Amino acid sequence: MSSAPSNIAVSEPVAEQTSSGLTRGIDWTGAFWVASGVPPLVLFSIGGVAATVGKPLWLVFAASIAMGFVQSFTYAEIAGLFPNKSGGTSVYGAIAWVRYSKIVAPLSVWCNCFAWSPVLSIGSGLAAGYLLTGLFAPDSAINTWQWTLLDLSAVKSGLTFRINAVAILGAVLLVTVKLIQDGGILRSANATKIIGISAMIPLLLIGVVPLITGDVVKANFLPLVPIAHDAHGNVVQGAWNLAGWTAIAGGMFLAAWSTYGFETAVCYTGEFKNPKADTFKAIFYSGLLCVAAYTLVPFAFQGFLGLGELVKPAETDAAGNVVTPAVYTGMLAPDIYSGAGVAAVMARMVHGGRIVGAVVVVMLILAIMLSIMTSLAGTSRTLYQASLDGWLPRYLSKVNAHGAPTNAMLTNLGFNLVLLMMSDYVFVLGASNIGYLIFNFLNLNAGWIHRMDRPDQERPWKAPTAIIAAGTVLAFVNLAFMGMGADVYGEGTLRTGLLFALLIVPVFGYRHYLQDKGRFPRTMLDEMELSDGSGLKRRAGILPYLALALGAVVVYVTHRLAVY
């Protein structure tokens, strides 16, 4: 960790200048419709969480969205401190940390980006899978052919790098979304408003219809204990012991990737017509939408489908090692875990027959496309602002004639075209979520750091101090979920995520020390209150360093306590 010295040199702007910056073209409703792509993320994670925790599924999602809602108030306050910046909460939080460490600040931005970015590949893969299984038989050639390029078993058992029909069709969907977003945030907001209305309809039906029709079965919720596995890998009833809490931590870890995502609503502060008024409204109303979606949909899904029954026992070798996992129906079915079968189940939940079911699947595909648009819009603006602030390479700060950060979007697109060829999307989600919870930890602590270092700065909206304190506590709780629960999704999940987070070190080193000769852009220095040549006023003292040390201890201890 490199502490930011008090004598950082003042320089002229060194970020690449463009003919035009981001355009102030939307109000909070525009950001709300872009962020409406967050509720459909339940389609990405509900299968993985269900297979991890079993019957506490609905409780995990309810607890997770409640935590996300509390945390969002810290994000709303710090976003209001910088009404002229884009890029979202990771950028606003990084400004708090850069006073104390040059490397921790870009780490926050980097972790947020690589956490949100895989929404593109996972989402386009799911949408492509829904289309292919809807148009062709599961055992048809187009659904079964695969060209394996690389065996990645060293990272996770069974993981491969391959090309198949899902990867190809998913790539087409990604390019389509990118072309829409090239028109700027106003066109994107208008497009997502139309898609958003279409996407919310099936989610609301899925959450409400089973309650009305009586398809929510009480037996599917009890006994309220996590699942466990016997020596042969078969699912058995668990208990509230250390193994059970490890499963719950794994569920809370994965659910957070979806439920916390509405913080993307403040990515567009630099594009709001009235940022002081719009910032809080955007994240508050987006949060209310997500509270409804993430409580109703998992509850109805579990009540309708149930945990499932054993179809085929696990096969073991002579040494007792599991060769082929057991196969189940219900929430434990393989296609529910992967997400490929979630849409088909949700279509049955509305009791509309084959035609209505097909319409629901199409609308769920639109919902996923909305999630992809949300992710591409948010992460590209984070990359753009990080480039302007001197943390990421200069080329990312280029915008096109419509004010869209085109180079950032192209970079995002290229990265996800590669991820599309990964064979296990749940592993990708888990590894990327390591970054998301690191960002979450740094940003929630940035709330009290900004309070201490900027006590007199105007705050368009100020969160109650108790909420800031609660967010700080939850920051460490999330690290506990990460340390204990990440490797539930594969032994190398935590290690892979941490290694990917560390890639920011050479990237930032290239930008800051080679491109910028160790100096920050003037705009960044203004926000650090250094452009007048005065020294740093780091009122938080050693507290940020103690928070980092305690966070590392929490991850280490909880990882050692986990029972897989």
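Because the structure is a prediction, the values reported are computed rather than measured. (Residues numbered from 1 in each chain as written. Predicted model: local features only at pLDDT ≥ 70, side-chain atom pairs only at ≥ 80, totals over all residues. Heavy atoms only, no water.)

Asker: Got a sec to walk through the overall build of the chain? Specific residues and values, please.
Answerer: The secondary structure content of the chain amounts to 21 helices and 8 strands. Approximately 20,800 Å² of the chain is accessible, and the part contributed by carbon and sulfur atoms is 66%. (Helix = DSSP H or I, 4+ residues; strand = E, 2+ residues; numbered from the N terminus. Areas by Shrake-Rupley, 256 points an atom, 1.4 Å probe, with all protein chains shown as cover.)

Asker: Can you lay out the pattern of salt bridges for me, pointing to particular residues and giving the numbers?
Answerer: For the structure shown, the criterion picks out 4 salt bridges. A salt bridge links E77 to R451; the shortest N-O distance between them is 2.8 Å. Of the two residues, E77 sits in helix 3 (residues 57-80) while R451 sits in helix 16 (residues 425-453), which places them 374 residues apart along the sequence. Across this residue pair, the class does not change: E77 and R451 are buried. (Salt bridge = Lys/Arg side-chain N within 4 Å of Asp/Glu carboxyl O. Buried < 20%, exposed > 50% of the residue type's maximum accessible area, 1.4 Å probe, protein only.)

Asker: So, the packing of helix 5 (residues 104-116) against helix 16: which residues are in play, and what are the values?
Answerer: One can describe the packing of helix 5 onto helix 16 by two numbers: an axis separation of 7 Å at closest approach and a directional angle of 140°. Relative to helix 16, the element helix 5 lies oblique. Here helix 5 runs over helix 16; the crossing is left-handed. Touching V104, L107, S108, C111, N112, F114, A115 and W116 of helix 5 are A431, S432, G435, Y436, I438, F439, L442 and N443, all from helix 16. (Axes fitted to C-alpha atoms, helices over the stretch in contact; angles between N-to-C directions. Parallel < 35°, antiparallel > 145°, perpendicular 65-115°, else oblique. Left-handed = near helix turned anticlockwise from the far one by under 90°. Contact = heavy atoms within 4.5 Å.)

Asker: Break down the confidence of the model for the chain for me, citing the residues and quoting the values.
Answerer: Looking at the chain as a whole, its pLDDT mean stands at 83, while 88% of the residues score no less than 70. Throughout residues 1-20 the model reports pLDDT below 50, and contacts reaching past four residues in sequence, or to other chains, amount to 61 contacts. Confidence drops under a pLDDT of 50 for residues 530-535, and excluding neighbours within four residues, the segment shows 11 contacts in the predicted structure. (pLDDT = per-residue confidence, 0-100.)

Asker: Residues and numbers for the packing of helix 3 against helix 16, please.
Answerer: Think of two packed helices as two axes; the pair is described by the angle between the axes and how far apart they sit. At a minimum axis separation of 10 Å, helix 3 and helix 16 run at an interaxial angle of 55°. Judged on the interaxial angle alone, helix 16 and helix 3 are oblique. Seen along the crossing, helix 3 lies across helix 16 with a hand that is left-handed. Residues Q71, T74, Y75, E77 and I78 of helix 3 form the contact with helix 16, whose participating residues are F439, N440, N443, L444, G447, H450 and R451. In terms of residue class, the contact of helix 3 with helix 16 is made up of 4 nonpolar, 6 polar and 2 charged. (Nonpolar A, V, L, I, M, F, W, Y, C, P; charged D, E, K, R; others polar.)

Asker: Explain the packing of aromatic side chains to me, using residue names and the numbers behind them.
Answerer: Under the definition given, this model contains 21 aromatic pairs. Look at W240 and W245: their rings are 4.9 Å apart centre to centre, the planes differ by 50°, and that puts the pair in the tilted class. You can call W245 partly exposed: its relative accessible area is 46%. Through pairs of rings, three or more aromatic residues link up here, namely W28, F32, F69, F73, F284 and Y285. (Phe/Tyr/Trp six-rings, centres within 6.5 Å; stacked < 30°, edge-to-face > 60°.)

Asker: Please give an account of the environment of R560 that cites residues and values.
Answerer: Within the secondary structure, R560 is located in helix 21 (residues 543-561). Measuring from C-alpha to C-alpha, the distance between R560 and G483 comes to 8.2 Å, with 77 residues separating the pair along the chain.

Asker: Give me a nonpolar patch on the surface: which residues, what numbers.
Answerer: Residues L131, L135, F136, I142, W145, W147, L149, L150 and I168 make up a contiguous nonpolar surface patch of about 850 Å² in total accessible area. Considering every element that reaches the nonpolar patch, the biggest residue donor is strand 1 (residues 147-151), with 3 residues. For I168, the position within the fold is in helix 8 (residues 165-181). (Patch = residues over 30% accessible without salt bridge, like charges linked within 9 Å, V, L, I, M, F, W, Y side chains within 5 Å.)

Asker: Outline unusual backbone geometry, listing residues and values.
Answerer: Of the consecutive residues L222 and P223, the connecting peptide bond is found in the cis state with omega at 0°. Mapped onto the secondary structure, P223 falls in the loop between helix 9 (185-213) and strand 3 (227-229). Of note in the backbone geometry, K517 takes a positive phi value of approximately 55° without being a glycine. Residue placement: K517 occurs in the loop between helix 19 (504-515) and helix 20 (522-527).

Asker: Lay out the side chain of S432 with the relevant residues and their values.
Answerer: By the secondary structure assignment, S432 is in helix 16. Leaving out residues up to four positions away in the same chain, S432 has contacts with F114, A115, P118 and W257.

Asker: Describe the environment of T264, and please don't skip the residues or the numbers.
Answerer: Residue position: T264 is located in the loop between helix 10 (242-259) and helix 11 (275-305). As a C-alpha pair, T264 and G378 span 114 residues in sequence and 6.2 Å in three-dimensional space. With residues up to four places along the chain from it excluded, the contact list for T264 reads A35, V38, W116, T374 and G378.

Asker: Got a sec to walk through helix 19? Specific residues and values, please.
Answerer: Its 12 residues give helix 19 an end-to-end C-alpha distance of 15 Å, which sits within 8% of 16 Å, the value for a rise of 1.5 Å per residue. Among all positions in helix 19, only I504, F508, R511 and H512 are buried. Take helix 19 and look down its axis: the buried residues cluster within an arc of 80°, on one side only. In helix 19, the exposed positions angled more than 90 degrees off the buried face are occupied by P506 and L514. K517 sits one or two positions beyond helix 19 and adopts a positive phi of about 55°. (Expected span 1.5 Å × (residues − 1). Arc of directions from axis to C-beta.)

Asker: For the state of the cysteines, give the residues involved together with the corresponding values.
Answerer: For the structure on display, the rule yields 0 disulfides. C111 takes part in no disulfide bond, and the closest cysteine sulfur to it belongs to C113, at a distance of 9.5 Å. We classify C111 as buried; its relative accessible area is 0%. (Disulfide = S-S within 2.5 Å.)

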